[in-house]
Amino acid sequence: MAEKDVSTVKPHQTLNDWLPITKSRSAKWWYSAFHNITAMVGAGVLGLPYAMSQLGWGPGAAVLVLSWIITLYTLWQMVEMHEMVPGKRFDRYHELGQHAFGEKLGLWVIVPQQLMVEVGVNIVYMITGGKSLKKFHDTVCHDCKDIKTTYFIMIFASVHFVLSHLSSFNSITGVSIAAAVMSLSYSTIGWVASLDKGVQPDVQYTPRASTFTGEIFGFFSALGDIAFAFAGHNVVLEIQATIPSTPEKPSKKPMWKGVVIAYIVVALCYFPVAFIGYWVFGNKVEDNVLISLEKPRWLVAVANMFVVVHVIGSYQVYAMPVFDMIEAFLVLKMKFNPSLILRFIARTLYVALTMFLAMSFPFFGGLLSFFGGFAFAPTTYYLPCVIWLVICKPKKFSLSWWTNWVCIIIGVVLMVLAPIGALRQIILEAKDFKFYS
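Residues numbered from 1 in each chain as written. Predicted model: local features only at pLDDT ≥ 70, side-chain atom pairs only at ≥ 80, totals over all residues. Heavy atoms only, no water.

Q: Describe the pattern of salt bridges, listing the residues and the values that go with them.
A: Applying the stated rule across the entire model yields nine salt bridges. We note a salt bridge from Asp-91 to Arg-25, for which the minimum N-O separation is 2.8 Å. Remark: Arg-25 occurs in the loop between helix H1 (11-18) and helix H2 (29-40) and Asp-91 occurs in the loop between helix H4 (57-81) and helix H5 (93-101); sequence separation between them is 66 residues. Judged by relative accessible area, which is 4%, Asp-91 ranks as buried. A cluster of three or more residues bridged by salt bridges with shared partners is formed by Arg-92, Glu-95 and Asp-324. (Salt bridge = Lys/Arg side-chain N within 4 Å of Asp/Glu carboxyl O. Helix = DSSP H or I, 4+ residues; strand = E, 2+ residues; numbered from the N terminus. Buried < 20%, exposed > 50% of the residue type's maximum accessible area, 1.4 Å probe, protein only.)

Q: Could you give an account of the side chain of Glu-327, with specific residues and numbers?
A: Relative to the helices and strands, Glu-327 resides in helix H13 (residues 297-332). Judged by relative accessible area, Glu-327 falls into the buried class, the value being 1%. What Glu-327 contacts, discounting residues up to four positions off in sequence, is Trp-18, Leu-19, Pro-20, Arg-343 and Arg-347. (Contact = heavy atoms within 4.5 Å.)

Q: An account of the state of the cysteines is requested, with residue identities and associated values reported.
A: All chains considered together, the criterion is met by one disulfide. Disulfide pairing is shown between Cys-141 and Cys-144; the S-S distance is 1.4 Å. Here Cys-392 stays free of any disulfide, with the sulfur of Cys-385 as its closest cysteine sulfur at 11 Å. Its relative accessible area of 29% is what places Cys-392 among the partly exposed residues. (Disulfide = S-S within 2.5 Å.)

Q: Can you break down the layout of surface pockets residue by residue, with the values?
A: Its volume calculated, the largest pocket comes out at about 1,000 Å³. Within the residue set of the lining of the largest pocket, elements represented by two or more residues are H1, H5, helix H6 (103-140) and H13. The element contributing the most residues to the lining of the largest pocket is H6, with seven residues. Grouping the constituent residues of the lining of the largest pocket by class yields 13 nonpolar, five polar and nine charged. (1 Å grid on protein atoms, 1.4 Å probe; cavity = no way out; pocket = protein on both sides within 12 Å on 5 of 7 lines; lining within 4 Å. Points joined across faces, edges and corners; volume = space filled by probe spheres on them. Nonpolar A, V, L, I, M, F, W, Y, C, P; charged D, E, K, R; others polar.)

Q: Account for unusual backbone geometry, with residues named and values stated.
A: Its identity as a non-glycine residue notwithstanding, Lys-335 has a phi of 60°, on the positive side. With respect to the helices, strands and loops of the structure, Lys-335 is situated in the loop between H13 and helix H14 (340-360). In this structure, Phe-397 takes a positive phi of about 65° despite not being glycine. In this structure, Phe-397 sits in the loop between helix H15 (364-392) and helix H16 (399-430). Looking at Phe-397, the relative accessible area reads 55%, which means it is exposed.

Q: How would you explain the nonpolar core if you had to name every residue and give the values?
A: When a protein is soluble and globular, its nonpolar side chains tend to lie buried together. Counting residues in each nonpolar core, the largest one holds 116 residues, and the members touching the most others are Val-45, Leu-48, Met-126, Ile-226, Phe-230 and Tyr-270. Core analysis: the next-biggest nonpolar cluster, separate from the first, contains eight residues, Leu-15, Leu-19, Leu-330 and Val-331 among them. (Core = buried A, V, L, I, M, F, W, Y, C linked by side-chain atoms within 4.5 Å.)

Q: Mind laying out a nonpolar patch on the surface, listing which residues take part and the relevant values?
A: Nonpolar side chains collect at one region of the surface, where Trp-57, Leu-195, Val-199, Tyr-205 and Trp-279 lie side by side and expose about 430 Å² of accessible area between them. With respect to the helices and strands, the residue Trp-279 is situated in helix H11 (residues 252-281). (Patch = residues over 30% accessible without salt bridge, like charges linked within 9 Å, V, L, I, M, F, W, Y side chains within 5 Å. Areas by Shrake-Rupley, 256 points an atom, 1.4 Å probe, with all protein chains shown as cover.)

Q: Describe in detail the packing of aromatic side chains, supporting the description with residues and values.
A: Going through the model one piece at a time under the given rule, you end up with 15 aromatic pairs. With a centroid separation of 4.7 Å and 50° between ring planes, the pair formed by Trp-57 and Tyr-278 is classed as tilted. Taken together, the residues span a long stretch of sequence, with Trp-57 in helix H4 and Tyr-278 in helix H11 at a distance of 221 residues. Of the residues examined, Tyr-278 reaches a relative accessible area of 0% and is grouped as buried. By way of ring pairs, the aromatic residues Phe-397, Trp-401, Trp-402 and Trp-405 are connected into one cluster. Lying over the aromatic face of Trp-29, Lys-257 brings its terminal NZ or CZ to 4.5 Å of the ring centre. Positioned above the aromatic ring of Trp-18 is the side chain of Arg-343, whose terminal nitrogen or guanidinium carbon lies 4.3 Å from the ring centre. (Phe/Tyr/Trp six-rings, centres within 6.5 Å; stacked < 30°, edge-to-face > 60°. Lys NZ or Arg CZ within 6 Å of the ring centre and 35° of its normal.)

Q: Report on the side chain of Thr-139, specifying residues and quantitative values.
A: For Thr-139, the position within the fold is in helix H6. A distance of 2.5 Å separates the side chain of Thr-139 from the backbone oxygen of Lys-135, its partner in a polar contact. (Polar contact = N/O pair within 3.5 Å; in protein donor to acceptor, adjacent residues only side chain to side chain.)

Q: With reference to specific residues and values, describe the confidence of the model for the chain.
A: Taken over all residues, the pLDDT of the chain has a mean of 85, while the share at 70 or more is 92%. Looking over the chain, one finds the lowest element-wise mean pLDDT in H1, namely 70, and the highest in helix H7 (residues 149-163), namely 94. Confidence drops under pLDDT 50 across residues 1-10; counting only partners more than four residues distant or on other chains, this segment forms 14 contacts. (pLDDT = per-residue confidence, 0-100.)

Q: Could you give an account of the environment of Val-300, naming the residues involved and the relevant values?
A: On the secondary structure map, Val-300 appears in helix H13. Taking the C-alpha atoms as reference points, Val-300 and Leu-290, 10 residues apart in sequence, are found 6.6 Å from one another.

Q: Give me the lowdown on the environment of Phe-212, citing residues and values where you can.
A: Along the chain, the position of Phe-212 falls in helix H9 (residues 212-229). Linking Phe-212 and Thr-173, residues 39 residues apart in sequence, is a C-alpha distance of 47 Å.

In structure tokens:
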């Protein structure tokens, strides 16, 4: 790609033609379905039986179903708001935030949280990819010499040093399709193999923790795990930005079609894994249900390889908006020319950073619920509602007004409680932790 001269064209016009989110607007409705499935059904699904074991049957089922309904509603709001101003598209989450809260405040409200989510997901997926590769290796070759998880994280990262240089959101569609198929496959393996194994003879559904304090913290932590499992909102406007739009055929119609398909798949993945996994293993289930399934070995190995392929796609879907932000910052604020070299260096450094952080802090379970509560709850559960109230101004005490306020209250409670439980879990796991083990 030839280096472009920024001075000859309007800056935003040149930049939007070059940035990964707005470079290509030729996506079909099914691109939206695949990208949303890849963004949503992540490593979190394998932690749902563990979350159920901390919540118990009643609260666990209620939180899971409620989360599915609330996040579908807030996702609908974001799809609707994408072209709320005639002739303008809010291609990025922070652009919608700026429209609602003002140029400066909008950036400060959205960007730190969105970055925390996207970078957090990328770190967690580095860990998940590395651990799943290790599990695959240990399952296939159980007599082999033990290899450190650190090395497997490096092997997983090597794929991203290549894939991260795909230029735009549309160019990762193939990776995203493979990832979406894999997510449905390993979720199905997770619950079918659990069902086949049958309810364990000594199964118990009492709380995991032996103390009341442990129970409370476990409950909080599980809320974060479930919040982490519904995290596609951070990239939804960016996905919609890749769909062509005209006044006669606005992008929200194909986008919403894709979202509905994605949410049906999410339900098919989440509910059977959560309920059957907990039913079979009870409070002894691991924080990744595939670890609880030791046999048949070949099936566990295949499922772990599916997880690896899926998190490769998920990493890319979450990294693309980060690349977009980094590249826009380097060109607009640091006055670099938009070039292939700039893109290569920025993206390589980003992948290296997430790899280093994943190798340094591989606390899988605790990280999930910490990020889930602290950053996912705002961007997924209640920020879309706050923006909706600001922009659309529904009538006081109308159904829309009440619905949004209920979602905001639930989201704030989630944001406050989940990180408390997660921090305790991270501290407990960190006691026995050795760096780069």
